[in-house]
Amino acid sequence: MILVFVEVRDGKVKKSSLEALSEGKRRADDLKQEANAVLVGHNLESLATEVLPYGASKVYVVENSLLSNYSAAGFAQALFSLVGEIKPEVILFSASSMGKDLAPRLAAKLGVSLASDCTRTIVKDGKLEVLRPIFAGKAFVTLSFKSSPIMATLRPNVFPLIDPGEKKGEVVKKEVVIPEDKIKAPVLEILREEGAEIDVTEAEIVVSGGRGMKGPENFDLLRDLTSLLPHSAVGASRSAVDAGWIDHQHQVGQTGKTVSPNLYVAFGISGAIQHLAGMSSSKFIVAVNKDPEASIFKVADFGVVGDLFQVIPHLKEELKKLASE
Amino acid sequence: MNIVVFVKRIPDTESKIRINHETGTIIEEGLNFVLNPYDEFAVEEALRLREAGGGKVTVLSVGGEESLVILKKCLAMGADEAFLLKDNTPETYDGLRMAKIIVRALEKKFSDYNLLFFGKQSVGADNAQVPSMVAEFLGLPQVNVVTKLEIEGTKGTAHREIEGALEKVSFSLPAVISAQKGLNEPRYETLKGIMMAKKKEIPMLTFEDLELNEEDIAPLLEVTKMESPPPRQAGKVIQEEPEAAAKKMVEYLHNEAKVI
Ligand SMILES: Cc1cc2nc3c(=O)[nH]c(=O)nc-3n(C[C@H](O)[C@H](O)[C@H](O)COP(=O)(O)OP(=O)(O)OC[C@H]3O[C@@H](n4cnc5c(N)ncnc54)[C@H](O)[C@@H]3O)c2cc1C
Ligand SMILES: Cc1cc2nc3c(=O)[nH]c(=O)nc-3n(C[C@H](O)[C@H](O)[C@H](O)COP(=O)(O)OP(=O)(O)OC[C@H]3O[C@@H](n4cnc5c(N)ncnc54)[C@H](O)[C@@H]3O)c2cc1C
């Protein structure tokens, strides 16, 4: 059985978890096994049925009132009890903030190794292997596992969702007993940056600005563009972040976030190696830069040599036209 | 307050990564190694806590003697003492192995601590595993990807970065913290610091000192292949009047790329 942890944030099932479940289902089919999902928390039953169409034969709902707020230690304890009972061969997570925090804690509890942030899963000789980037995508390794269960986290926005089918599976409720002292470092509250609806790692379109943006106020030009593009977010180069024009949350690159959206648009970004490391796995890259020699053009599918301040107003017009068609 | 900071040496982010396809490893020749930038935030935070409330900052790295350089840097920044735990096995990508080694070192040699500091991930392996695993093995609270930290007595609160937001977390000491950019601005080493660091000895520990057997820490992940990313083909680059350029760009995105 392949078990996939499905994360709930703000009362919603996280899309990247459904991507992980979709991938789990594909590999489960190859291995002639079941794919199952697990939700952890409190009062989740209604959400569990939303997960069923994504390939889960069973959706386990592990509940305890102590789990209403996330804590890695508490959630790992809850998953550990379930894993002991249902004994999956493979456990997958999304490499989201929660997945990256929780999966290693569970792996240590189970005494197994973990492959982080994988971008492909493969069945070889009847066993699961994974491909993952190292050095922010400057190289890739294929990893095979010598410990069981196999554990991996999967990078968001890489694995396609399966077409939601019928809700054929079943929801299985599990009450777990968790001693209160197992809840360590619980989340007290979530502080949200205003206007930051979608994170760059989750957006389907990322519109980024660099030093060529010239100042913080000009990032509004990019915010305007994202308001015309569905599921989009504003990104930035480190130079723009270091200049204080935009928060570090938006930094794309080797010491920022690694993104792989359908479309990455770079305005006034030169294409330094550290920046490329964070975005070259994007499906399409478009760049606007006034320097025809800029390195960003070496990776761009479509490049415009020109002044971004002149191009953006026309882009807005064209996008509005397209939307009204 | 006793703080142990775990630091690792990584190739600097400018590095072009070349692969030895015969051995399936990275060619280290010609790489310029530096202190993992996230570990630098961890060292800085430890020094600030000591400056505010007293105590001791100990820095530990697991690796070959090449790692002495980054330990010297930590001493020059102001760490009280630094240790190298000698590990000559090639890198393994196995966070579990590193966590087991670190846990044993803590139990045998550094059991008197209030906080354990890490980087949120080592640049390169990009695993982000070791801190959570160490926390689990020691039964400690963990707060990863921390951008703000406050300690009062035996209690702490921290902000940890998540998608588009921050989680405010409370915990009790001892605890495991992993540092994210934004936590602080690391200091530069002063000349005085560098001179002092030169005089300090960096004791070396071995696996025998920790009664650690190779089989206890055998890697459980195997690299079966290492490859370069498929090169990205450069596409079309146009140089036209802004209006025409914008039109062509949107046409391309809509008709050819089909992403909007
Ligand atoms: C340890 C380390 C880690 C790093 N990590 C990252 C990281 O995670 N992410 C990252 O991005 N960088 C990172 N960097 C920094 C990186 O090396 C570059 O300095 C940075 O990416 C450059 O940002 P930029 O492209 O915005 O600025 P620049 O390189 O200054 O480029 C600005 C570009 O804007 C163009 N331009 C200017 N005006 C206009 C205009 N009006 N219209 C159109 N184009 C215009 C210019 O032609 C130029 O190409 C890191 C560096 C180090 C040392
Ligand atoms: C140059 C280089 C080459 C590599 N080559 C290979 C290779 O050929 N084959 C292979 O299998 N693997 C290789 N690796 C990966 C290596 O094995 C990983 O270091 C290991 O998996 C530990 O995980 P991590 O560093 O990713 O830990 P993370 O969990 O990402 O690190 C988080 C934090 O843990 C602490 N930490 C991690 N490691 C240490 C340490 N050694 N000492 C002290 N503190 C530490 C630091 O605070 C760090 O910020 C290579 C890594 C590098 C940098």
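Structure: see above.
Note that the coordinates shown come from a computational prediction; the quantities given were computed from them, not determined experimentally.

Q: Just checking my understanding: could you explain the overall build of chain A for this structure?
A: For chain A, the helix and strand inventory stands at nine helices and 18 strands. Projecting the C-alpha coordinates of chain A onto the three principal axes gives extents of approximately 60 × 45 × 40 Å. Classification of the 325 residues of chain A by burial places 62% in the buried group. When contacts within chain A are restricted to residue pairs at least 6 apart in sequence, those whose partners lie at least 24 apart make up 63%. The centroid of the 38 positive side-chain charges in chain A is displaced by 6 Å from the centroid of its 41 negative side-chain charges.

Q: Would you mind showing me how to read the site of ligand 2 here?
A: Taken together, 29 residues are adjacent to ligand 2, and B:Lys8, B:Asp39, B:Glu91, B:Thr92 and B:Tyr93 come closest. At the site occupied by ligand 2, the surrounding residues belong to chains A and B. Contacts to ligand 2 include B:Asn36, whose side-chain N or O atom sits 3.1 Å from an oxygen atom. Taking B:Val130, its main chain carries an N or O atom lying 2.8 Å from an oxygen atom of ligand 2. At the level of elements, β6 (56–63), α3 (95–109), β8 (115–119) and α4 (130–138) of chain B are the ones that each hand at least two residues to the shell around ligand 2. No other element matches β6(B), which puts three residues into the shell around ligand 2. In terms of residue class, the shell around ligand 2 is built from 15 nonpolar, 10 polar and four charged.

Q: What is the right way to look at the interface of chain A and chain B in this model?
A: When the parts of a complex come together, some accessible area is lost, and that lost area is often used as the size of the interface. Taken residue by residue, the interface counts 92 residues in chain A and 78 residues in chain B. By the criterion of area lost to chain B, the three top residues of chain A are A:Arg105, A:Phe135 and A:Phe302, representing 9% of everything that side buries. Our enumeration of links across chain A and chain B arrives at eight salt bridges. Note that B:Glu167 is salt-bridged to A:Arg9, the shortest N-O span being 2.7 Å. Counting the contacts that link chain A with chain B gives 49 residue pairs in polar contact (both at pLDDT 80 or more).

Q: Explain the sheet that holds strand β1 (residues 2–6) of chain A here, please?
A: Residue and element names in this part refer to chain A. Pairing in this open sheet of seven strands is parallel, and the strands run β7-β11-β6-β1-β4-β5-β12 from one edge to the other. Every interior strand has two partners, whereas the edge strands, β7 (115–118) and β12 (170–175), have only one. Between one strand and the next, the sheet's axes are offset by a mean angle of 25 degrees, whatever the strand orientation. Where strand β5 (residues 58–63) lies against β12, six bridges are found, and the strand directions are parallel. In the strand pairing of β12, lysine 58 is matched with glutamate 170. Its contacts with the sheet place helix α1 (residues 15–30) against β1, β4 (35–41), β6 (90–94) and β11 (150–154), and it is angled at close to 175 degrees to β1.

About the criteria used
- Residues numbered from 1 in each chain as written.
- Chains lettered and ligands numbered in written order.
- Predicted model: local features only at pLDDT ≥ 70, side-chain atom pairs only at ≥ 80, totals over all residues.
- Heavy atoms only, no water.
- Helix = DSSP H or I, 4+ residues; strand = E, 2+ residues; numbered from the N terminus.
- Buried < 20%, exposed > 50% of the residue type's maximum accessible area, 1.4 Å probe, protein only.
- Contact = heavy atoms within 4.5 Å.
- Lys, Arg positive; Asp, Glu negative; His and termini not counted.
- Charge placed at Lys NZ, Arg CZ, Asp CG, Glu CD.
- Near = heavy atom within 4 Å.
- Polar contact = N/O pair within 3.5 Å; in protein donor to acceptor, adjacent residues only side chain to side chain.
- Nonpolar A, V, L, I, M, F, W, Y, C, P; charged D, E, K, R; others polar.
- Buried area = accessible area lost by both parts, 1.4 Å probe.
- Salt bridge = Lys/Arg side-chain N within 4 Å of Asp/Glu carboxyl O.
- Pairing = 2+ DSSP bridges.
- Axes fitted to C-alpha atoms, helices over the stretch in contact; angles between N-to-C directions.

Geometric descriptors of this kind do not, in isolation, establish any biological role.
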